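Structural overview for review
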Amino acid sequence: MSQINFPNSPSDGDEFLAPNGTTYQYDSSTGQWKILAGPGVQGPAGNTGPTGSIIMWGTSTLPDGYIECNGQSTSGYAALAALYGSNVPDLRGEFVRGWDNGKGTDSGRALLSSQADEFKSHTHTFKIINVSATGSSIGNGGSQFKDQPTGSTGGTETRPRNLALMYIIKT
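Every value quoted in this text rests on a predicted model; they were computed, and no experiment measured them. Counting from 1, residues in each chain are numbered in the order their sequence is written. Only residues with pLDDT of at least 70 are given local features in this predicted model, and only at 80 or more are side-chain atom pairs given and counted; all residues enter the totals for whole chains, interfaces and linings. Side-chain descriptors were evaluated using all non-hydrogen atoms of the structure, hydrogens and water having been removed beforehand.

Examining the sheet that holds strand β4 (residues 54-57)
Strand pairing in a sheet takes place through backbone hydrogen bonds and is either antiparallel or parallel in direction. Pairing within the open sheet is antiparallel, and its three strands lie in the order β4-β10-β5. Every other strand in the sheet has two partners, leaving β4 and β5 (66-68) as the edge strands with one partner each. With strand direction ignored, the average angle separating the axes of adjacent strands in the sheet is 40°. By this definition, two strands are paired if DSSP reports at least two bridges between them. Strands are runs of DSSP state E lasting at least two residues, helices are runs of H or I lasting at least four, and both sets are numbered from the N terminus onward. In terms of strand pairing, β4 meets strand β10 (residues 166-170) through four bridges, oriented antiparallel. Its bridge partner being in β10, Ile54 is matched across the sheet by Ile169. Note on geometry: axes are C-alpha line fits, over the in-contact stretch for helices, and angles between N-to-C directions span 0 to 180 degrees.

Set out below in structure tokens:
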């Protein structure tokens, strides 16, 4: 691995493009260069992406510069407040769906709007012959068939297979 020779006497906010294509920015409060973008970025630790970017995160420890999308107040995060209003989205336990934006698959939805759960309407039916202890009602003027329920199965919700990750937002 080659050594990176950073500029001498940098000022706060100075950016440096390393030969490997990684962009660094100097932070005078820590006296360190932070990775902004490029091959040296290891996920959000490099503080990539604009303020308000939402990503999925696989640990309960948040990286610097991110907060959980749990509906919390944007107080103290002026840039987030300008984008999202008084609270960040609460994405805990939610399936995120791409915004239709004119495609026609899920029309009439506003960006950041939510939907209640729904199961597409359908019917399960089958008929059985109505038989009594004295025989069939066929030919006796009675109903020949009756509806029989199919029974129920399942849990408390309809969902696909899934993996739990935390949604976090760049501050």
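A short note on the sheet that holds strand β1 (residues 15-17)
Ordered in space as β1-β2-β3, the three strands form an open sheet in which the pairing is antiparallel. Each edge of the open sheet carries a strand with a single partner, namely β1 and β3 (32-37). Taken pair by pair, the neighbouring strands of this sheet meet at an average axis angle of 30°, ignoring direction. Pairing analysis gives three bridges linking β1 to strand β2 (residues 23-27), with the strands arranged antiparallel. Paired with Phe16 across the bridge in β2 is Tyr24.

Quick word on a nonpolar patch on the surface
In this analysis, a patch consists of residues with relative accessible area above 30% that form no salt bridge, clustered at 9 Å for like charges and at 5 Å for the nonpolar side chains Val, Leu, Ile, Met, Phe, Trp and Tyr. Calculation of accessible area relied on Shrake-Rupley with a 1.4 Å probe; when residues are assessed, cover is drawn exclusively from the protein chains displayed. What makes a salt bridge here is a side-chain nitrogen of Lys or Arg within 4 Å of a carboxyl oxygen of Asp or Glu, nothing more. A grouping of Met56, Leu163 and Leu165 is seen on the molecular surface, where their side chains present a nonpolar patch of about 330 Å² in accessible area. Looking at the element boundaries, Leu165 is found in the loop between β9 (145-147) and β10. By relative accessible area, Leu165 is classed as partly exposed at 39%. Partly exposed describes any residue whose relative accessible area lies between the buried limit of under 20% and the exposed limit of over 50%, with all areas from a 1.4 Å probe on protein chains only and scaled to the type maximum.

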